[in-house]
Amino acid sequence: QVQFVESGGGLVQPGESLRRSCQTSQITFDTYVMAWYRQAPGEQRELVASVRSDGTADYTESVKGRFAISRDYAKNSIYLQMNSLKPEDTAVYYCNTLARPPSLLQSWGQGTQVSVSS
C-alpha cells in the first residue's frame, strides 16, 4: 500500500515561513507527478502545487510567488517551502500523487496542520 509521511507543520505568524516534507514508499516515485494538497476546516481538499519528474512545477493562483515545491529522487521525497504565510493558508497539508479531483485518490497520509495566526 502506498504510504505518505508528512512532517514540518506548525503554528506561525503571518509573514513567516515553513518547510514541509513528505516521504513516500511503495510507489515508483520517479514516474509520478507529485503534489501537495490542503484542506481547511469546512472546505474540500484542494490542490496547492505539483511537480513533474523533470522538476517543473505548477501552483494554484493563491500561492504563486510564495510557495515552492521540489522533489528529491534519492530520498523519495517532496518538499514545500512556504514563505510569506497568510492566515488563509491555515489548513491540514497532505502530499500525494497528482489527481484531479483529489477525491480520486484512495490512499492518504495523516497530513500535518499548518496554522497561521497572529
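First things first, this report covers the structure right here in the doc. (Residues numbered from 1 in each chain as written. Predicted model: local features only at pLDDT ≥ 70, side-chain atom pairs only at ≥ 80, totals over all residues. Heavy atoms only, no water.)

1. Looking at the nonpolar core
Ranked by size, the top nonpolar core spans 23 residues in total, and within it Phe67, Leu80, Met82 and Tyr93 carry the most contacts. Among the elements of the structure, strand 3 (18-25), strand 4 (34-39), strand 5 (46-51), strand 7 (67-72), strand 8 (77-82), strand 9 (91-97) and strand 10 (112-116) are those that each provide at least two residues to this core. The contact partners of Tyr93, leaving out residues within four places of it in the chain, are Glu6, Arg20, Tyr37, Arg38, Val48, Phe67, Leu80, Met82, Gly111, Thr112 and Val114. (Core = buried A, V, L, I, M, F, W, Y, C linked by side-chain atoms within 4.5 Å. Buried < 20%, exposed > 50% of the residue type's maximum accessible area, 1.4 Å probe, protein only. Helix = DSSP H or I, 4+ residues; strand = E, 2+ residues; numbered from the N terminus. Contact = heavy atoms within 4.5 Å.)

2. Quick word on the packing of aromatic side chains
A complete count under the given rule lists three aromatic pairs for this structure. Here Phe29 and Tyr73 contribute two aromatic rings whose centre-to-centre distance is 5.6 Å and whose plane-to-plane angle is 70 degrees, an arrangement assigned as edge-to-face. On the criterion of sequence distance, the pair formed by Phe29 in the loop between strand 3 and strand 4 and Tyr73 in the loop between strand 7 and strand 8 is long-range, its members being 44 residues apart. Here Tyr37 and Trp108 contribute two aromatic rings whose centre-to-centre distance is 5.2 Å and whose plane-to-plane angle is 80 degrees, an arrangement assigned as edge-to-face. (Phe/Tyr/Trp six-rings, centres within 6.5 Å; stacked < 30°, edge-to-face > 60°.)

3. Observations regarding the pattern of salt bridges
In the structure shown here, the tally under the stated rule is five salt bridges. The closest approach of N and O atoms between Glu46 and Arg38, which form a salt bridge, is 2.7 Å. A single network of salt bridges, built from pairs that share partners, joins Arg38, Glu46, Arg66 and Asp89. (Salt bridge = Lys/Arg side-chain N within 4 Å of Asp/Glu carboxyl O.)

4. Considering the sheet that holds strand 1 (residues 3-7)
Pairing is antiparallel across the open sheet formed by four strands, whose spatial order is 1-3-8-7. The open sheet is flanked by strand 1 and strand 7, the only strands paired with a single partner. Taken over all neighbouring pairs, the strand axes of this sheet differ in orientation by 15 degrees on average, direction set aside. In this structure, strand 1 lies alongside strand 3, joined through five bridges in antiparallel fashion. Bridge assignment links Glu6 to a residue of strand 3, and that residue is Cys22. (Pairing = 2+ DSSP bridges. Axes fitted to C-alpha atoms, helices over the stretch in contact; angles between N-to-C directions.)

5. Some points on the state of the cysteines
Tallied over the entire structure, the rule returns one disulfide. Across a sulfur-sulfur distance of 1.7 Å, Cys22 and Cys95 are joined as a disulfide pair. Between Cys22 and Cys95, the S-S torsion sits near 40 degrees, and that sign places the bridge as right-handed. One end of the pair, Cys22, is in strand 3; the other, Cys95, is in strand 9, and 73 residues separate them in sequence. As far as burial versus exposure is concerned, Cys22 and Cys95 are alike and both buried. (Disulfide = S-S within 2.5 Å.)

6. Some details on the sheet that holds strand 4
Taken in spatial order, the six strands line up as 2-10-9-4-5-6 in an open sheet, and their pairing is mixed. Every other strand in the sheet has two partners, leaving strand 2 (10-12) and strand 6 (57-59) as the edge strands with one partner each. Between one strand axis and the next, the sheet turns by 25 degrees as a mean value, whatever way the strands run. When strand 9 meets strand 10, the two strands line up antiparallel, connected through three bridges. Directly across from Tyr93, in strand 10, lies its bridge partner Thr112.

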